[in-house]
Amino acid sequence: MANVIWTWIAAGLTLAIFSFLYKDNPFYKLAEHIYVGSSAAFWFIYLWYFDVKPKLVDAWLQNTGFEKYILIVPAILAVLMLTRFIPTISWLSRWAIAFTVGMGAGLGITGALQGFLVPQLQATLLPIWVNVSDKFTVNLGYSLNNFILVVGTIATIFYFYFSKEHRGGLGYASKVGITFIMIAFGASFGYTVMARISLLIGRLFFLLHDWLHLV
Amino acid sequence: MNFWERLGKIDRRIIYLVVFLGVIIPILLKVTFRVEPMREVKQAYEEVEKLPPGSAVMISIDYDASSMPELQPMLVAILEHCFKKDLKVIMLGHWPLGLPLGQIALDKVAKKYGKVYGKDYVFLGFRPGVAAVMINLGKEIRQVFNSDYKGTPIDSLPIMQNIHNYNDIGILIGLEAGSTGDMWVQFAQARYNAKIILGATAVVAPDLYPYLQANQIVGLIGGLRGAADYESLVHVLGPAYLGMPAQTTIHVLVVILIILGNLGYFATRRKK
């Protein structure tokens, strides 16, 4: 019975949100406010139960010695972050922000270099003349694929070279670069259309299958 | 106002109505198409297929209800494949709102194959600090998850007896609605050489292709189409497979609308 009630509530909220496609109305506003309110409540609970309580409160109660007293540092940083609400001492929050930025940058830079930049550079160093196993015949498909990849990468980098006016050879290279960028945007747009339609299919499938039992 | 000018000023609500009908009619008529799986999805399937029975597969739920239509069918199809092959499933998540979705799929498919919790599969749940969690999983899972989703110590679960880090995991499968997939590659693959398959929403998927091309991931399942491909490979006709006719109809419609819109634009511009 509970499932049936929740299905009806979900279906009602779905239709209320869809009604915005016609025009703004009180049903849409109601659904929107329920969504915003429940999300805010969820994140409040989430931060307490998944972050502050286990990592600070429970850890303080369970640990002893160094592992216990080191928790004073994040606790102080957390309190400093709250000083943003008091204009006269809000500058203290910068210490906490500096800690977060420093940690984030450290993790981000090593991750990006080790996991993205270097492997992606390696993957671009490709032969543009690929032979098949007899070593004399060219594998046209692979060669063409590698050629497009190498030219696309170099031309796109040229497009983002802003220290010299894009004229002459650099101008042609950057035009090739922008063509590759536009093709990439087109592919992303196509995928985005697919994603949005998938969400619509999912919702309509829910209405027809779970709610109305028509399919 | 001539035909071309009218074409450029179609009321958006008419387009919404046409799209609505384009989705709802194929679903109501239960039309089905044969799906020819894409190469990257076949690669993902074959990597799972290659694992010997008893191997562990780690599945990360990095999405929530807003991406459920695309990623939930993908998860169900992957779980079907894993349990059919007697693989051990270790599930966790970096998106706390998505955890119940993982639990629902896990319970449903495990029940279908008669799998036992703690022996054949385990749900570790969520811990905060995405990057730190990924890095520490590479050292010792117990440093991050000393208990499962319901608070049971993981050392008391037979499935976890010989599993300590990525070296003991056959394949890591991340189901992604955001940038967590990039972090799996940066922290689990680059640092610990973990073998990764990513399943992603269609919005995220184009950004993951460079990882596939660079062999940083061994398979990619993109969007509802990718989910349909995986469903067809494991012979499960789920919601993704059934949604493909509606998807195709709307794609054709969008192409027609783009062509008509451009024709209208150029015709009216010439007139000016």
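Every residue gets a number counted from 1 within its own chain, in the order that chain's sequence is written. Chains carry letters and ligands carry numbers; both start at the beginning, A for chains and 1 for ligands, and go up in the order they are written. The predicted origin of the model limits local features to residues at a pLDDT of at least 70 and limits the giving and counting of side-chain atom pairs to 80 or more, whereas totals for whole chains, interfaces and linings rest on all residues. As a convention, hydrogens and water are excluded, and side-chain values are obtained from all of the structure's heavy atoms.

Comments concerning the UniProt feature "transmembrane region" (unreviewed entry) in chain B
Here is the rule we go by: UniProt positions are given in the numbering used here, feature names are shortened, and annotations may be inferred rather than shown by experiment. Here a helix means four or more residues in a row that DSSP labels H or I, a strand means two or more in a row labelled E, and each is numbered from the N terminus.
As recorded in UniProt, the sites labelled "transmembrane region" (unreviewed entry) are residues 14–33 and 250–268 of chain B. What you have in residues 250–268 of chain B is 100% helix and 0% strand, and the ends, taken at the C-alpha atoms, are 26 Å apart.

What about the sheet that holds strand 6 (residues 219–222) of chain B?
All names here are of chain B. As a reminder, the rule being used: Note on pairing: DSSP must find at least two bridges between two strands before they are called paired. For every element, the axis is a line fit to its C-alpha atoms; helices are fit only across the contacting stretch, and the angle between N-to-C directions ranges from 0 to 180 degrees. For this analysis, residues touch if any pair of their heavy atoms sits within 4.5 Å.
Reading across from one edge, 3-2-1-4-5-6 is the order of the six strands in this open sheet, with parallel pairing throughout. Each edge of the sheet is formed by a strand with only one pairing partner; in this case those strands are strand 3 (121–125) and strand 6. Going from strand to strand, the sheet's axes swing by 15 degrees on average, the running direction of each strand aside. The pairing of strand 1 (residues 56–62) with strand 4 (residues 171–176) spans six bridges and is classified as parallel. Within strand 4, the position partnered with Ile-61 by the bridge is Leu-175. Taken strand by strand, helix 4 (residues 68–84) contacts strand 1, strand 2 (88–93), strand 3, strand 4, strand 5 (196–200) and strand 6, and its axis lies near 160 degrees from that of strand 4.

With respect to the layout of surface pockets
Formally: Definitions used throughout: a 1 Å grid over protein atoms alone; a cavity as a set of points that fits a 1.4 Å probe which cannot get out; a pocket as an open set with protein on both sides within 12 Å along at least five of seven lines; a lining residue as one with an atom within 4 Å of a point. Grid points are joined across faces, edges and corners, and a volume is the space filled by probe spheres set on the points. Ten residues, namely Ala, Val, Leu, Ile, Met, Phe, Trp, Tyr, Cys and Pro, are considered nonpolar, four, namely Asp, Glu, Lys and Arg, are considered charged, and the remaining ones, Gly among them, are considered polar.
As a volume, the second largest pocket reaches approximately 2100 Å³. Breaking the lining of the second largest pocket down by element, the ones donating at least two residues are helix 2 (26–62), helix 4 (72–82) and helix 5 (93–124) of chain A together with strand 3, helix 6 (130–137) and helix 7 (141–144) of chain B. Sorting elements by how many residues they give to the lining of the second largest pocket places helix 2 of chain A first, with twelve residues. Of the residues assigned to the lining of the second largest pocket, the class counts are 29 nonpolar, ten polar and nine charged.

Observations concerning helix 2 of chain A
Residues and elements named next belong to chain A. Where we set the bar: Multiply 1.5 Å by the residue count of a helix minus one, and that product is the helix's expected span. To get the bend at any residue, fit one axis to the seven residues that end at it and another to the seven that begin at it, then take the angle between the two axes. Burial classification: accessible surface area is computed with a 1.4 Å probe over protein chains only, and a residue below 20% of its type maximum counts as buried, one above 50% as exposed, and the rest as partly exposed. Within 3.5 Å is the distance limit for a polar contact, defined as a pair of N or O atoms, with the added protein rule that one can donate a hydrogen and the other accept it, and that residues adjacent in sequence qualify only through two side-chain atoms.
The end-to-end C-alpha distance of helix 2, which contains 37 residues, comes to 50 Å, matching closely the 54 Å that a straight helix rising 1.5 Å per residue would cover. Helix geometry: helix 2 is bent most strongly at Lys-53, by close to 60 degrees, with proline Pro-54 lying one to four residues after it. Where helix 2 is concerned, the buried positions are Tyr-28, Ala-31, Tyr-46, Asp-58 and Ala-59. Buried positions along helix 2 lie against helix 1 (2–18). A distance of 2.9 Å separates the backbone nitrogen of Phe-27 from a side-chain oxygen at the start of helix 2, and that oxygen is part of Asn-25.

Some words on the packing of helix 3 (residues 39–50) of chain B against helix 10 (residues 223–233) of chain B
How two helices pack is summed up by the angle between their axes together with the distance between the axes. Residue and element names in this part refer to chain B. Short version of the rule: These descriptions rest on fixed angle ranges, namely under 35 degrees for roughly parallel, over 145 for roughly antiparallel, 65 to 115 for roughly perpendicular, and the rest for oblique. Each helix crossing is assigned a hand: it is left-handed if the near helix lies turned anticlockwise from the far helix by less than a right angle, otherwise right-handed if that turn is clockwise.
Contact geometry for helix 3 and helix 10: axes closest at 9 Å, N-to-C directions at 45 degrees. Between helix 3 and helix 10, the angle falls in the class oblique. Judged by the twist between their axes, the crossing of helix 3 over helix 10 is right-handed. Each of Val-41, Lys-42, Ala-44, Tyr-45 and Val-48 in helix 3 lies in contact with helix 10, whose residues at this interface are Gly-226, Asp-229, Tyr-230 and Leu-233. For the contact of helix 3 with helix 10, the residue count by class is six nonpolar, one polar and two charged.

Structural notes on the nonpolar core
As a reminder of what qualifies: To form a nonpolar core, buried Ala, Val, Leu, Ile, Met, Phe, Trp, Tyr and Cys residues must be joined to one another through side-chain atoms within 4.5 Å. Segment limits for the domains were obtained from an automatic or database-derived domain assignment.
By size, the foremost hydrophobic cluster in this structure holds 68 residues, and its most contacted members are Ile-59, Leu-75, Ile-78, Leu-79, Ile-173 and Tyr-230 of chain B. Considering each element in turn, this core owes the most residues, ten residues, to helix 7 (residues 168–211) of chain A. Taken domain by domain, the makeup of this core includes at least three residues from each of domain 1 (3–30 + 247–271) and domain 2 (39–236) of chain B. Once residues lying within four places of it in the same chain are set aside, the contact partners of Ile-59 of chain B are Leu-75, Ile-78, Leu-79, Val-89, Ile-90, Met-91, Leu-92, Ile-173 and Leu-175 of chain B. Counting residues in each nonpolar core, the second largest holds 36 residues, with Met-58, Val-133, Val-204 and Leu-208 of chain B among its members.

Some words on the environment of Gly-178 of chain B
Residue and element names in this part refer to chain B. Secondary-structure assignment places Gly-178 in the loop between strand 4 and helix 8 (180–192). Exposure remark for Gly-178: the relative accessible area of 22% places this residue in the partly exposed category. C-alpha of Gly-178 to C-alpha of Ser-67: the two residues are 111 residues apart in sequence and 9.9 Å apart in space.

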